[in-house]
Structure formats: structure tokens, C-alpha cells
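Survey of secondary and tertiary structure
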Amino acid sequence: SQQGEEDPQALSIQEGENATMNCSYKTSINNLQWYRQNSGRGLVHLILIRSNEREKHSGRLRVTLDTSKKSSSLLITASRAADTASYFCATVLLQGGSEKLVFGKGMKLTVNP
Amino acid sequence: EAQVTQNPRYLITVTGKKLTVTCSQNMNHEYMSWYRQDPGLGLRQIYYSMNVEVTDKGDVPEGYKVSRKEKRNFPLILESPSPNQTSLYFCASTRTGRLATLGYGYTFGSGTRLTVV
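First, a word on scope: everything that follows refers to the structure included in this document. Note that the structure is a prediction, hence the values are computed from the model and not measured. (Residues numbered from 1 in each chain as written. Chains lettered and ligands numbered in written order. Predicted model: local features only at pLDDT ≥ 70, side-chain atom pairs only at ≥ 80, totals over all residues. Heavy atoms only, no water.)

Glancing now at the interface of chain B and chain A. Interfaces are often described in size by the accessible area the parts lose on coming together. Contact residues are listed per partner, giving 26 residues for chain B and 22 residues for chain A. In terms of surface lost to chain A, no three residues of chain B exceed B:Leu43, B:Ala100 and B:Phe108, which account for 25% of the buried area on that side. For the interface between chain B and chain A, the tally reads one salt bridge. For B:Asp59, the salt bridge goes to A:Lys100, with nearest N and O atoms at 2.3 Å. Inspection of the region where chain B meets chain A yields six residue pairs in polar contact (both at pLDDT 80 or more). Mapped by element, the contributors of at least two residues to the side of chain B that touches chain A are β4 (31-38), β5 (42-51) and β9 (87-94) of chain B. Of the residues belonging to the side of chain B that touches chain A, the class tally is 13 nonpolar, nine polar and four charged. (Contact = heavy atoms within 4.5 Å. Buried area = accessible area lost by both parts, 1.4 Å probe. Salt bridge = Lys/Arg side-chain N within 4 Å of Asp/Glu carboxyl O. Polar contact = N/O pair within 3.5 Å; in protein donor to acceptor, adjacent residues only side chain to side chain. Helix = DSSP H or I, 4+ residues; strand = E, 2+ residues; numbered from the N terminus. Nonpolar A, V, L, I, M, F, W, Y, C, P; charged D, E, K, R; others polar.)

So this is what it looks like as C-alpha cells:
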């Protein structure tokens, strides 16, 4: 039951460039989250944006949300080799009275030094 | 330090030998969840718990059991492991099960790489 889908699936850039990742989702949301996963490690929560917000910043991260298009984007500015990781968007799926966080399949970002 | 602790980090076992993967959080979180991550399939939820003594099935519960006797602990039990349960497992927790309305981020453990031969 996938809710979000990241695009592109893989991105390779040079250090110092900006990286933009997109996430499209299917149903209405209250909030959308982005996570980072370094190879084989646990996911790390980056940022949460609520449905009444259009843009949010955290350090070099900028997240936008367009609820009319059911999409979000994550921009990493001035990328570093340490940003090499997989990035996931996640939204809440309401199902039979329960709520669960559903992750997209992820997007692999490679930042070359 | 606020964290979710999973053990073991790596485990190789044989088919049919019962095992338990432990998960403990020190943030007084109400909501805890187990995921498995497989190439091409992403993260899939196995079980979740809204609070003590409240657990429910996720998307792929077959072959797994959980319990939530205390708020901090949420062990994952494989009664009779099979090779198709070879995977990377993650435990995660968040402040509340009201994910849509209150929406806090999840804290993940470092993962358990399980191989069943």
C-alpha cells in the first residue's frame, strides 16, 4: 500500500550542486515527512511539512508542498559528499480506523567529491 | 541520548529456530512499529503498537509476533523463521499514534540484518 513515490529514483551530482527530489502521493494528507537513510542504516527524520504549509526550511534543506498537485519536493543546496544517501518521503495512510506512516521506495542520491 | 536500540545488529540463523529481535526506546513514546526493508519493495510495516498492550498487524504480519508489555520495549518474535524472512528489520517509535493530526517524526533503530538459511 504505497502512498508516496519519489522521483527520480537515482540522482548523481557533483559536490556543491543542488539536488532536487520529488515526491508524489495519492490521497489527501495532513503532513508529509522526509527521511534520509545512509547505506544499511536506520532512517533519520529530516523535516515534516504540514498541509497548511507551502514551504519549510531546515539548514540546507528546503521542502515545498503543493497539495493541489499532491506533490512535494526536497531541495538540498550546496550538496556535500556526506549527503550521499537514500531519501524517502512518507505520508500517513488512514485505514480502517488506524493510521500508519507509509514510505515511498526511496531515491538514491550520490554526491561526487 | 534519545534513541531506539535494536539488538542484535546482525543475525544468521537456521530455518525453524525461534528468535527474538529486541527493540527499546528511551523517549516515552506511545507508538512503536516494526518494518522490514527489501530491495525493490521498500519499507513494509510488519506490526505496530499504539500503546502498552495495544498491537495490530501491518502489511506483512505473517510469520511474526510482537508484544508490548512495557512502554519502552517492543520485541519482534519469529517463531519459526524461514528463508523468505531474510531481510533488514527496523524498529521505530514516535510520540503518538495520532500520526495524521499531530504528526511527529519517527526515530528509527540502527537495524537488524537477519539471514535465515
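Right, let's talk about the sheet that holds strand β8 (residues 71-76) of chain A for a bit. The strands making up a sheet associate through backbone hydrogen bonding, with each pair oriented either parallel or antiparallel. All names here are of chain A. Read from one edge of the open sheet, five strands run β1-β3-β8-β7-β6, paired in antiparallel fashion. Of all the strands in the sheet, just β1 (4-7) and β6 (55-58) have a single pairing partner and so form its edges. Within this sheet the neighbouring strands show an average axis-to-axis angle of 20°, counted without direction. For β6 and strand β7 (residues 61-66), the ladder comprises four bridges, and the chain directions are antiparallel. Considered in β7, the bridge of His57 is made with Arg62. (Pairing = 2+ DSSP bridges. Axes fitted to C-alpha atoms, helices over the stretch in contact; angles between N-to-C directions.)

Residues and elements named next belong to chain B. Following Asn7, the chain continues to Pro8 via a peptide bond in cis, the omega torsion being 0°. Tracing the backbone shows Pro8 in the loop between β1 (4-7) and β2 (10-13). Non-glycine residue Asn28 carries a positive phi angle of around 60°. With respect to the helices, strands and loops of the structure, Asn28 is situated in the loop between β3 (19-25) and β4. Given the relative accessible area of 56%, Asn28 is considered exposed. The residue Glu53 is not glycine, and still its phi comes out positive at about 65°. Relative to the elements of secondary structure, Glu53 occurs in the loop between β5 and β6 (54-57). A relative accessible area of 61% places Glu53 in the exposed class. (Buried < 20%, exposed > 50% of the residue type's maximum accessible area, 1.4 Å probe, protein only.)

Another point: a nonpolar patch on the surface. All names here are of chain B. Residues Ile12, Val14 and Val117 make up a contiguous nonpolar surface patch of roughly 310 Å² in combined accessible area. In this structure, Val117 sits in the segment after β11 (112-116). Under the relative-accessibility criterion, Val117 is labelled exposed at 56%. (Patch = residues over 30% accessible without salt bridge, like charges linked within 9 Å, V, L, I, M, F, W, Y side chains within 5 Å. Areas by Shrake-Rupley, 256 points an atom, 1.4 Å probe, with all protein chains shown as cover.)

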